[in-house]
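Topology and contacts: notes
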Amino acid sequence: MLYRKYGTTDDKVSAIGFGGMRFEDQKNIDACAELVQAAHNNGITYFDTAPGYQDSEDLFGVAFKEMNKIREQKPFFVSTKTFMAEPDQVRKELETSLKRMNLEYIDFYHVWCVLTKDAYEKRKQQGVIEAFEQLKSEGLIRHICISSHMTGTDIGDVLNDYPFEGVLLGYSAMNFSYRDAALDAAASLNRAVVVMNPLGGGIIPKHPDRFDFLRTRAEETVVDAALGFLLNDPRITVSLVGFANQKDLQETIHAVENFKPLEQEQIDSIRNNLKDTFDELCTGCQYCDNCPEEIPIPKMMDAYNHYMLEGTDTALLNRLKWHWGIGADNDVISKCIACGQCEDICTQKLPIINRLEEIRYIAENYMSGQK
């Protein structure tokens, strides 16, 4: 296993982390706990969960109860999060998380799922930063972190606003250009970066032919290559893999054990091939992000990528709602006036107007069904 220093802290964490939201069967408590312990036995020391991941905190707690017995000899680090902002609510949720996980403190506690800079400012005004600082002074949390789905530039602004010790963000071979600015900002400030969805939420291994351009060696699998692309990036501290079962764990361990640093020429080739291989998929260059109607076109096109790859309305709507905070009833979905400005500037000449219309149609059909 590879290990990296977490930002400015003294903690050295595994370059692969355990993402706790994709257990194959959460009702099988023993199997889930065994999976967590197996990851620890294979050198993984970073474990990430959240109150909203169904029973994930409880399942981690079963495993941690055993792992605590050897924690001095075999350290591990725990990350969780809160949507709450008001101090009493933050404290209450943290206390619940600690109890569920059989822990006395949380190593990395995140202001969770910040979708816009306005949302960040609102939570600050409600007292979330002061709440975190108080909990840290009491030893209940060790490091103050943030989790965000904003653009790379906006995340950079937030990191410059407050000295968060680490940031959790979505990043993979599918969308790296969308958040490169955040990684650059974090690196310049010496902040840790933990990336979620390193395999595109499972899309990359489901479409090995589409992502074959990631492979630089004949013996590599697409999973090896996708994780290797991230392991090779010195700006990234931890890549979180959502393990569903022992097979997922062993595939990831194999990728780490067979990782070989990439030459700059290979990195450039992967980045350039993204544009050629993705032809009809948006590469996230963000040139279209200046819509006169304030439609977040890059976010909409990212969701449309998932629609094209997965082939279901649910994939589109879930990506919009859970990754970008845009519900099917959000007015922004129907604001396009077909002015054509986005298509004129699109480097790939994608039919953005038609795609926005299709997103609107899918959203309206869904809302009609709900009514």
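Residues numbered from 1 in each chain as written. Predicted model: local features only at pLDDT ≥ 70, side-chain atom pairs only at ≥ 80, totals over all residues. Heavy atoms only, no water.

What follows deals with the overall build of the protein chain. Per the secondary structure count, the protein chain includes 15 helices and 10 strands. Radius of gyration (C-alpha) of the protein chain: 20 Å, near the 21 Å computed for a compact globule of 371 residues. Based on the C-alpha atoms only, the size of the protein chain along its principal axes is roughly 60 × 50 × 45 Å. Taking all 371 residues of the protein chain together, the buried fraction comes to 54%. Here the analysis covers contacts within the protein chain between residues at least 6 apart in sequence; of these, 74% occur between residues at least 24 apart. With an accessible surface of roughly 16,600 Å², the protein chain has 46% of that area assigned to carbon and sulfur atoms. Positive and negative side-chain charges of the protein chain, numbering 39 and 57 respectively, have mean locations separated by a distance of 2 Å. (Helix = DSSP H or I, 4+ residues; strand = E, 2+ residues; numbered from the N terminus. Rg over C-alpha atoms; globule rule 2.2 N^0.38 Å. Buried < 20%, exposed > 50% of the residue type's maximum accessible area, 1.4 Å probe, protein only. Contact = heavy atoms within 4.5 Å. Areas by Shrake-Rupley, 256 points an atom, 1.4 Å probe, with all protein chains shown as cover. Lys, Arg positive; Asp, Glu negative; His and termini not counted. Charge placed at Lys NZ, Arg CZ, Asp CG, Glu CD.)

This part covers the sheet that holds strand β9 (residues 192-196). Read around the closed barrel, eight strands run β3-β4-β5-β6-β7-β8-β9-β10, paired in parallel fashion. Taken over all neighbouring pairs, the strand axes of this sheet differ in orientation by 30 degrees on average, direction set aside. Direction of pairing for strand β3 (residues 16-19) relative to strand β10 (residues 238-242): parallel, over a ladder of four bridges. Residue pairing across strands places G19 opposite G242, the latter belonging to β10. (Pairing = 2+ DSSP bridges. Axes fitted to C-alpha atoms, helices over the stretch in contact; angles between N-to-C directions.)

Structurally, the position occupied by Q26 is in the loop between β3 and α1 (29-41). The class for Q26 is buried, based on a relative accessible area of 12%. At 3.5 Å, the side chain of Q26 and the backbone oxygen of Y53 are in polar contact. (Polar contact = N/O pair within 3.5 Å; in protein donor to acceptor, adjacent residues only side chain to side chain.)

For the rest of this paragraph, the subject is the packing of aromatic side chains. For the structure on display, the rule yields 20 aromatic pairs. Between Y109 and F132, the ring centres sit 5.0 Å apart and the planes meet at 25 degrees, which makes this aromatic pair stacked. One end of the pair, Y109, is in strand β6 (residues 106-114); the other, F132, is in helix α5 (residues 128-137), and 23 residues separate them in sequence. In this structure Y109 comes out as buried when scored by relative accessible area, which is 0%. F132 gets classed as buried once you look at its relative accessible area, which sits at 0%. Ring-pair connections join several aromatic residues into one group, and the members of that group are F18, F23, F47, F60, F64, F76 and F243. Over the aromatic face of F76 sits the side chain of R71, whose NZ or CZ is 4.1 Å from the ring centroid. (Phe/Tyr/Trp six-rings, centres within 6.5 Å; stacked < 30°, edge-to-face > 60°. Lys NZ or Arg CZ within 6 Å of the ring centre and 35° of its normal.)

Turning our eyes to something else, we now look at the environment of C336. Here C336 shows up in the loop between α13 (313-323) and α14 (341-345). Sequence spacing of C336 and I353 is 17 residues, and the spatial spacing of their C-alpha atoms is 7.6 Å.

Before going further, it helps to examine the nonpolar core. By size, the foremost hydrophobic cluster in this structure holds 83 residues, and its most contacted members are F18, F47, F64 and F164. When residues of this core are assigned to their parent elements, the largest contribution, eight residues, is made by helix α9 (residues 222-231). Residue contacts for F64: discarding those within four places in its chain leaves V36, F47, F76, V78, M101 and L103. Within the second largest apolar cluster, 27 residues are counted, among which are C291, I295, Y304 and C342. (Core = buried A, V, L, I, M, F, W, Y, C linked by side-chain atoms within 4.5 Å.)

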